[in-house]
Amino acid sequence: NISYISLLILYLLLSGRGGFVVTSLLFTSQKKKIIMAKKSNKFNLWVSIVLILVGCVLACSSIISNDYLKLVVVLASLGYGLYGIMKALSEEYNVQPFKVGPDYIDPTYHTLATGNTSRNLDSFFMKEGQVRDAFLKAMEKKDIAIIEGVRGLYEGIDSINDIGSTASIAKSLNAPVILIINSRSLVKSAAALVLGFKALDPEINIAGVILNKIKNNAHYLKTKKSIEEITGVEVIGGIIRDDSISIEQRHLGLVPAVERENSLSFIELWSNIIKESIDLDRLVEIAKEAPKLTSPREDIWNKLNKQKVKIGVAYDEVFNFYYKENIESLEANSCKVEYFSPLKDESLPDVDGLYIGGGYPELFSKELSQNTALLKQTKQFHMENRPIFAECGGLMYLMNSIHEDKQVGVYPYNSILTDKVQALKYTIAEVKKDNIISKKGEKFNGHEFHYSKVLVDNSNIKHDLAFNILRGKGSYNNQDGFMEKNTLASYVHTHVAAMPNFGGNLAISAREVGG
């Protein structure tokens, strides 16, 4: 009997991680039987032990493989056809999309195309080990990662180092790079571009090229021959230019996919184009050739709270700029997240704290002002000293008005949308006052991107601000983070990797003050 049990355990172990868990349970339940067998049949016992040990080794090997052997492709300098690549691959594979850099909008299209929540990877927010941690957390039960680069392959926080660039992410993950280049009117010069990308950093594995905006098949074949013979890099496809295909844009970039009724049909159109234009099988083969990811990882958040609390997160057409890991850090700190709509809901959920992210409140200011019930409840939530954290668009919502449309009124200042960018930069902030998400003396990296501004100056400023902005602009006089009771509102967006105690601190604030 013990031998049969051992064979069953070996089979389960060979099946991977789930079998490993089941094995532990089976081994425990059979402990007494094994002890009895030792007295009656030592040979069977030793066979059992050997089989179990072999199974454990194989199971551990399976676990390591599942964690580190990933199919990764990084794409840089691309057009909107990336959504089509994601959609086309998703018909056969479980695709996990990523976006390099601080971006909330492109990931909404990734999510629509693949059915999986897109994640951001950013070497300004994240240490190398945190990049790997964020990547591996997202890749559980996924087949292949498609990582959209930011601008060019090498663009980052400055003109020399890699910080904030697609290249830094490719190196942290040992990921092959597929260059998508604009080849309009280019043939041999396209080869020069590829050579330049290769020569700038030999650590980058440029494994393939996709030609965008080619004129016709003859143009494609000439350019393909030039690149492959001169650079040694293979060309795996070309997309014929069609200027009639475009995506609606607004002042912060693309319109979020959550607002577009025809987004799925648009992505489907690009998917069909991609299937006819790119060798997707070869793309997957290149991903499979990526080396294993064996470098160490570092947690992107800390766990500080174990007591259950509830956090309300504003999420609708207006407020939808969140990094998924920020939400997950709350959940990891025993928070039950309940979503609500400041635009449509008549009442707040029964929660201990609120998190109001960025978005486009300036485009919905009138509609928001008409939801007077929720405005009053949010103001009352604040007056009861319960914690509210607001970023960018959330900050505007908590002001007295947006375009003279009445808002929550936690702060007495008015906010407006201008016709020029008010701030567009990576930021570094130093905490000068304890608050609901951070402690005095801490420094954290973030970013700011907004056309709006709060009308505050020396003549009307009435509040302490939590942060000194060491790099960037902030809301007022190189400061940000308006503080009022247990409400904190800032134009600075941050990722939990840059503030690992974010989720824990907000949870503790909600538990101690809001609960």
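All values derive from a computational prediction rather than experimental measurement. (Residues numbered from 1 in each chain as written. Predicted model: local features only at pLDDT ≥ 70, side-chain atom pairs only at ≥ 80, totals over all residues. Heavy atoms only, no water.)

Visitor: Outline the overall build of the protein chain, supporting the account with residue identities and numerical values.
Guide: A count of helices and strands for the protein chain gives 17 helices and 24 strands. Counting the 515 residues in the protein chain, one finds 56% classified as buried. With the model as given, the accessible surface of the protein chain reaches about 22800 Å², and the carbon-plus-sulfur share is 51%. (Helix = DSSP H or I, 4+ residues; strand = E, 2+ residues; numbered from the N terminus. Buried < 20%, exposed > 50% of the residue type's maximum accessible area, 1.4 Å probe, protein only. Areas by Shrake-Rupley, 256 points an atom, 1.4 Å probe, with all protein chains shown as cover.)

Visitor: Just give me the short version of the side chain of Ser475, but keep the residues and values in it.
Guide: By the secondary structure assignment, Ser475 is in the loop between β22 (465–471) and β23 (479–484). Take Ser475: its relative accessible area is 16%, and that puts it in the buried class. Among the polar contacts made by the side chain of Ser475, one reaches the side chain of Asp480 at a distance of 2.7 Å. Here Ser475 is in contact with Leu395, Val456, Asp480, Phe482 and Tyr491, once residues within four sequence places are set aside. (Polar contact = N/O pair within 3.5 Å; in protein donor to acceptor, adjacent residues only side chain to side chain. Contact = heavy atoms within 4.5 Å.)

Visitor: Could you give me a rundown of the side chain of Gln96, with the residues and numbers involved?
Guide: For Gln96, the location among the structural elements is in strand β2 (residues 95–100). Gln96 gets classed as buried once you look at its relative accessible area, which sits at 2%. Those residues in contact with Gln96 that sit more than four places away from it in its chain are Asn116, Thr117, Ser118, Arg119, Ala138, Met139, Lys142, Ile144, Ala145 and Ile146.

Visitor: Provide a residue-level description of the packing of aromatic side chains, including the pertinent values.
Guide: Taken as a whole and judged by the stated rule, the model has 21 aromatic pairs. An aromatic cluster is present here, built from Tyr104, Phe124, Phe125, Phe321, Tyr323, Tyr360 and Tyr426 joined pairwise through their rings. Looking at Lys137, its charged tip hangs above the ring of Trp301, at a distance of 5.0 Å from the centre. (Phe/Tyr/Trp six-rings, centres within 6.5 Å; stacked < 30°, edge-to-face > 60°. Lys NZ or Arg CZ within 6 Å of the ring centre and 35° of its normal.)

Visitor: Give me the lowdown on the sheet that holds β23, citing residues and values where you can.
Guide: Taken together, the nine strands give an open sheet; going across it, the order is β12-β10-β13-β15-β24-β23-β22-β19-β20, and neighbouring strands pair in mixed fashion. Every interior strand has two partners, whereas the edge strands, β12 (335–340) and β20 (443–450), have only one. With strand direction ignored, the average angle separating the axes of adjacent strands in the sheet is 25°. Relative to strand β24 (residues 487–490), strand β15 (residues 388–391) is paired through four bridges, and the arrangement is parallel. When the sheet's bridge partners are listed, Phe389 is paired in β24 with Leu488. Contacting β10 (309–314), β12 and β13 (353–356), helix α13 (residues 324–332) runs over the sheet at an angle of about 135° to β12. (Pairing = 2+ DSSP bridges. Axes fitted to C-alpha atoms, helices over the stretch in contact; angles between N-to-C directions.)

Visitor: Would you mind going over the packing of helix α9 (residues 188–200) against helix α10 (residues 217–231) in detail, with residue names and values included?
Guide: Between α9 and α10, the least distance of the axes is 8 Å, while the angle of their chain directions is 40°. Between α9 and α10, the angle is such that the two are oblique. For α9 against α10, the interelement crossing comes out right-handed. Facing Lys188, Ala190, Ala191, Val194, Leu195 and Lys198 of α9, the residues of α10 in contact are Thr223, Ser226, Ile227, Ile230 and Thr231. Here the contact of α9 with α10 is built from residues that sort into six nonpolar, three polar and two charged. (Parallel < 35°, antiparallel > 145°, perpendicular 65-115°, else oblique. Left-handed = near helix turned anticlockwise from the far one by under 90°. Nonpolar A, V, L, I, M, F, W, Y, C, P; charged D, E, K, R; others polar.)

Visitor: Talk me through the packing of helix α5 (residues 81–90) against helix α12 (residues 280–288); I want residue IDs and the actual numbers.
Guide: Following both chains from N to C, one finds α5 and α12 inclined at 85°, their axes separated by 11 Å at the closest point. As summarised for this structure, α5 and α12 are arranged roughly perpendicular, according to the angle between their axes. The residues of α12 that touch α5, namely those facing Ile85, Ala88 and Leu89, are Leu280, Leu283 and Val284. The residue makeup of the contact of α5 with α12, split by class, is six nonpolar, no polar and no charged.

Visitor: Give me the lowdown on α10, citing residues and values where you can.
Guide: Taking 1.5 Å per residue, 15 residues should reach 21 Å; α10 reaches 21 Å between its end C-alpha atoms and fits that length. Buried within α10 are the following residues: His219, Tyr220, Thr223, Ser226, Ile227 and Thr231. The buried residues of α10 occupy one face: seen down the axis, they fall within an arc of 135°. Facing away from the buried surface of α10 by more than 90 degrees, the exposed residues are Lys222, Lys225 and Glu229. On the buried face of α10, the contacting elements are β5 (177–182), α9, β6 (206–214) and β7 (235–240). Two or three places before Ala218, at the start of α10, stands the capping residue Asn216, its side-chain oxygen 3.2 Å from that residue's backbone nitrogen. Backbone geometry just after α10 places Gly232 at a positive phi near 80°. (Expected span 1.5 Å × (residues − 1). Arc of directions from axis to C-beta.)

Visitor: How would you summarise the environment of Ile461 if you had to cite specific residues and measurements?
Guide: Relative to the helices and strands, Ile461 resides in the loop between β21 (452–454) and β22. As for Ile461 and Tyr413, which are separated by 48 residues in sequence, their C-alpha atoms are 8.6 Å apart. Dropping the residues within four chain positions of it, Ile461 is found in contact with Tyr413, Val456, Tyr476 and Phe482.

Visitor: Describe the nonpolar core, with residues and values.
Guide: Within the largest apolar cluster, 117 residues are counted, with the highest numbers of intra-cluster contacts made by Leu121, Phe135, Leu173, Tyr355, Tyr397 and Leu398. With six residues, α5 is the largest single contributor of residues to this core. For Tyr355, the contacting residues outside a window of four places in its chain are Ile311, Gly312, Val313, Ala314, Tyr322, Asn326, Ile327, Leu330, Phe389, Glu391 and Phe502. (Core = buried A, V, L, I, M, F, W, Y, C linked by side-chain atoms within 4.5 Å.)

Visitor: An account of the sheet that holds strand β17 (residues 405–406) is requested, with residue identities and associated values reported.
Guide: Two orientations exist for strands paired in a sheet by backbone hydrogen bonds: parallel and antiparallel. Spatially, four strands are ordered β17-β16-β18-β21 in an open sheet, and the strand pairing comes out mixed. On the outer flanks of this sheet lie β17 and β21, each paired with one strand and no other. Where strand β16 (residues 401–402) meets β17, two bridges bridge the pair, whose relative direction is antiparallel. Each bridged residue has a counterpart across the sheet, and for Ile402 the counterpart in β17 is Asp405.

Visitor: Hey, could you go over the pairing of β7 for me, with residue numbers and the actual values?
Guide: Judged by how many residues are buried, β7 sits mostly within the fold: five of six residues are covered. Bridge count for β6 against β7 is five bridges, and the pairing is parallel. When the bridges of β7 are listed, Val209 appears paired with Val235. Taken together, β6, α10 and β7 constitute a β-α-β crossover, and its handedness is right-handed. (Right-handed = clockwise from strand over helix to strand, strands pointing away.)

Visitor: How would you explain the environment of Leu82 if you had to name every residue and give the values?
Guide: Structurally, Leu82 can be placed in helix α5. Among the residues examined, Leu82 registers a relative accessible area of 1% and is labelled buried. Distance from Leu82 to Ala113, taken between C-alpha atoms, is 9.6 Å for residues 31 residues apart in sequence.

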